[in-house]
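Descriptive analysis of the structure
Residue strings, one per chain:
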Amino acid sequence: MNTAIDTQFLARLARITREKGLDATPGPVEDDLHPDLPGHPAYHHRQRINAALTKFESVTPPRYLTASTEHPKVCDWADQVEADVTQAPSLMLWGGTGTGKTHAAFGAVRRIALTGPTRFGFLATTFPDLYAALRPGTGNDDERERLMRRVLTVPVLLLDDLG
């Protein structure tokens, strides 16, 4: 823009402001980011938590949507996954029927989601369902290959009912 035009524009704007009785006195400027606005780390952390919980809820059976776990070793494992999924060990839960293994496993995944990880991905299936889906003769080869690629690359795989 031309400086003369800028000056004319500002003068006109000042005149209109005076005529309308508006106060054009500069006020304080808040340079600090507000936690409820984009750009603030807390805002983005909440967005990551919401995205992770949405993914969790989209693939979790209703009875495990509010699952939690207090088992120290399961909590430690979930914390390791949250810290660095590539370095975390596998976790295997075993015990009799009805002892809460599936609930604890979904609770661990939910615990991870609640930390707001940068990248959250998980797949939950039973071993019999996975085996049936990968068995030759069911579906087509492309579907089986996509599923196998997903199983091999998903950050967290919850494989239930091994035995």
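Data block above holds the structure.
Residues numbered from 1 in each chain as written. Predicted model: local features only at pLDDT ≥ 70, side-chain atom pairs only at ≥ 80, totals over all residues. Heavy atoms only, no water.

Observations concerning the overall build of the chain
So the rule is basically this: Numbering of helices and strands runs from the N terminus, with a helix taken as a DSSP run of H or I at least four residues long and a strand as a DSSP run of E at least two residues long. Computation of the radius of gyration draws on C-alpha atoms, with the globule rule given as 2.2 Å multiplied by the number of residues to the power 0.38. For each residue, the accessible area found with a 1.4 Å probe, counting protein chains only, is set against the maximum for its type, and the residue is called buried under 20%, exposed over 50%, and partly exposed in between. Counting rule for charge: Lys and Arg are taken as positive, Asp and Glu as negative, and neither His nor the chain ends is counted. Charge positions come from single atoms, namely NZ of Lys, CZ of Arg, CG of Asp or CD of Glu.
For the chain, the count of helices and strands is six helices and two strands. Counted from the first residue to the last, the chain has its helices and strands arranged as α-α-α-α-β-α-α-β. Here the chain has a C-alpha radius of gyration of 27 Å; the compact-globule value for 163 residues is 15 Å, and the former is much larger. Principal-axis analysis of the C-alpha atoms gives the chain an extent of 80 × 40 × 30 Å. Per-residue burial over the chain gives 24% buried out of 163 residues. Charged side chains of the chain number 18 positive and 20 negative; the gap between the two group centres comes to 4 Å.

A word on the nonpolar core
Just so we agree on the cut-off: Here, nonpolar core means buried Ala, Val, Leu, Ile, Met, Phe, Trp, Tyr and Cys residues that are tied together by side-chain atoms lying within 4.5 Å of each other. For this analysis, residues touch if any pair of their heavy atoms sits within 4.5 Å.
Ranked by size, the top nonpolar core spans 21 residues in total, and within it Trp77, Phe106, Val109, Phe120 and Phe122 carry the most contacts. If you list the elements that add at least two residues to this core, you get helix 2 (41-59), helix 3 (72-83), helix 4 (101-114) and strand 2 (156-160). At six residues, helix 4 tops the list of elements feeding residues into this core. If sequence neighbours within four positions are ignored, tryptophan 77 has contacts with Pro89, Ser90, Leu91, Ala108, Ile112 and Val156.

Side note on the pairing of strand 2
Note the cut-off: Any two strands with at least two DSSP bridges between them are considered paired.
Covered by surrounding structure in strand 2 are Val156, Leu158 and Asp160 only, the residues Leu157 and Leu159 on the alternate face being uncovered. Across five bridges, strand 1 (residues 122-126) lies against strand 2 in parallel orientation. Pairing of alanine 124 across the sheet is with leucine 158, part of strand 2.

A few points about the pattern of salt bridges
Worth spelling out the cut-off: A carboxyl oxygen of Asp or Glu within 4 Å of a side-chain nitrogen of Lys or Arg is what we treat as a salt bridge.
The tally for this structure, following the rule as stated, stands at five salt bridges. Measuring nitrogen to oxygen at the nearest pair gives 2.7 Å for the salt bridge that ties glutamate 145 to arginine 149. Of this pair, glutamate 145 and arginine 149 both sit in helix 6 (residues 141-153), four residues apart, which is roughly one turn of the helix.

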